[in-house]
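An overview of the molecular structure
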Amino acid sequence: MKIQLKKNYAPYAIALLALPCLTFSADKAKPGPAVNAPDTTVCSSNAVERTLPFPVGDKALYFLNLRDGDKVRSPFRVAFSVSGMGVAPVQAGNIDGTGHHHILIDLDLPQDIKKPIPFDTAEEFQHQHYKHFGKGETETVLNLPPGKHKLRLMFANHQHVPYYIASKEVNIEVLASKG
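Residues numbered from 1 in each chain as written. Predicted model: local features only at pLDDT ≥ 70, side-chain atom pairs only at ≥ 80, totals over all residues. Heavy atoms only, no water.

When pLDDT is averaged across the chain, the result is 75; 64% of the residues are at 70 or more. Mean pLDDT values for the elements of the chain range from 40 in helix α1 (residues 10-17) up to 96 in strand β10 (residues 170-175). Confidence over residues 1-42 falls short of pLDDT 50; this stretch has 47 contacts with residues more than four positions distant or in other chains. (pLDDT = per-residue confidence, 0-100. Helix = DSSP H or I, 4+ residues; strand = E, 2+ residues; numbered from the N terminus. Contact = heavy atoms within 4.5 Å.)

Structure follows, in structure tokens:
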């Protein structure tokens, strides 16, 4: 297969084509039954898809290792990314074109996009809804109770006000822990 890229992207494409998908193994035990373990593959795209530049103005927010319909066991790793924007910690202040990630758990998108994304109160640990990553994190470990859950990413500025860049909703099922 021959890939043609604009001249100014060629050095980056060559370097990125050489990089394999990252893998992560939280459990070195024998593979279990046919449960999709989303923490084993960080990317599902091929090298060509990862190296094509996004057109100017395109912004996308997505989970790297979760797909709609995945079945996981808590705690489980979640990796996420944004394109077309930069990731910056809240403490960096107002830097144009940057923000930080949030995961909405079992919630619809907020109706008022001018209000900051709220924080869970301390007593809501068992009923988590909002996860903030104000230090610029791009992955976390979630510990959700067994059952079906929907997850969605949102990207917001240093004041937690959404840019209204959101990922597709991902529906997962958390299975009861073994033993």
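Here the narrative resumes, following the displayed structure.
Another point: the sheet that holds strand β7 (residues 139-142). Taken together, the three strands give an open sheet; going across it, the order is β1-β3-β7, and neighbouring strands pair in antiparallel fashion. Edge positions in the sheet fall to β1 (60-63) and β7, since each of these pairs with one other strand and no more. Direction aside, the axes of adjacent strands within the sheet are offset by 25° on average. Alignment of strand β3 (residues 76-83) against β7, held across four bridges, turns out to be antiparallel. (Pairing = 2+ DSSP bridges. Axes fitted to C-alpha atoms, helices over the stretch in contact; angles between N-to-C directions.)

Attention now goes to the environment of Lys-135. When you line up the elements, Lys-135 lands in the loop between β6 (130-133) and β7. On the basis of relative accessibility, which here comes to 72%, the residue Lys-135 falls in the exposed class. Remark: the alpha-carbon pair of Lys-135 and Pro-89, spanning 46 residues in sequence, is separated by 4.3 Å. (Buried < 20%, exposed > 50% of the residue type's maximum accessible area, 1.4 Å probe, protein only.)

With that out of the way, let us pick up the nonpolar core. Inside soluble globular proteins, nonpolar side chains tend to come together where they are buried. Leu-66, Phe-76, Ile-103 and Leu-151 are the most contacted members of the largest nonpolar core, which has 21 residues in total. Elements supplying a minimum of two residues to this core: β1, β3, β5 (98-105), β8 (147-156) and β10. Looking at which element gives the most residues to this core, the answer is β3, with four residues. Once you skip the residues sitting within four places of it in the chain, Ile-103 turns out to touch Phe-63, Val-78, Phe-80, His-129, Tyr-130, Lys-131, Phe-133, Thr-140, Leu-142, Leu-151, Arg-152 and Leu-153. By size, the runner-up hydrophobic cluster in this structure holds five residues, among which are Leu-104, Leu-107, Ile-117 and Met-154. (Core = buried A, V, L, I, M, F, W, Y, C linked by side-chain atoms within 4.5 Å.)

That bond from Ser-74 to Pro-75 is cis: its omega, -5°, falls within 30 degrees of zero. Of note, the phi angle at Asp-106 is positive, near 55°, even though the residue is not glycine. The partly exposed category is assigned to Asp-106, whose relative accessible area is 31%. Notably, His-160 is not glycine yet its phi reads approximately 70°, a positive angle. As for its placement among the helices and strands, His-160 is situated in the loop between β8 and β9 (162-166).

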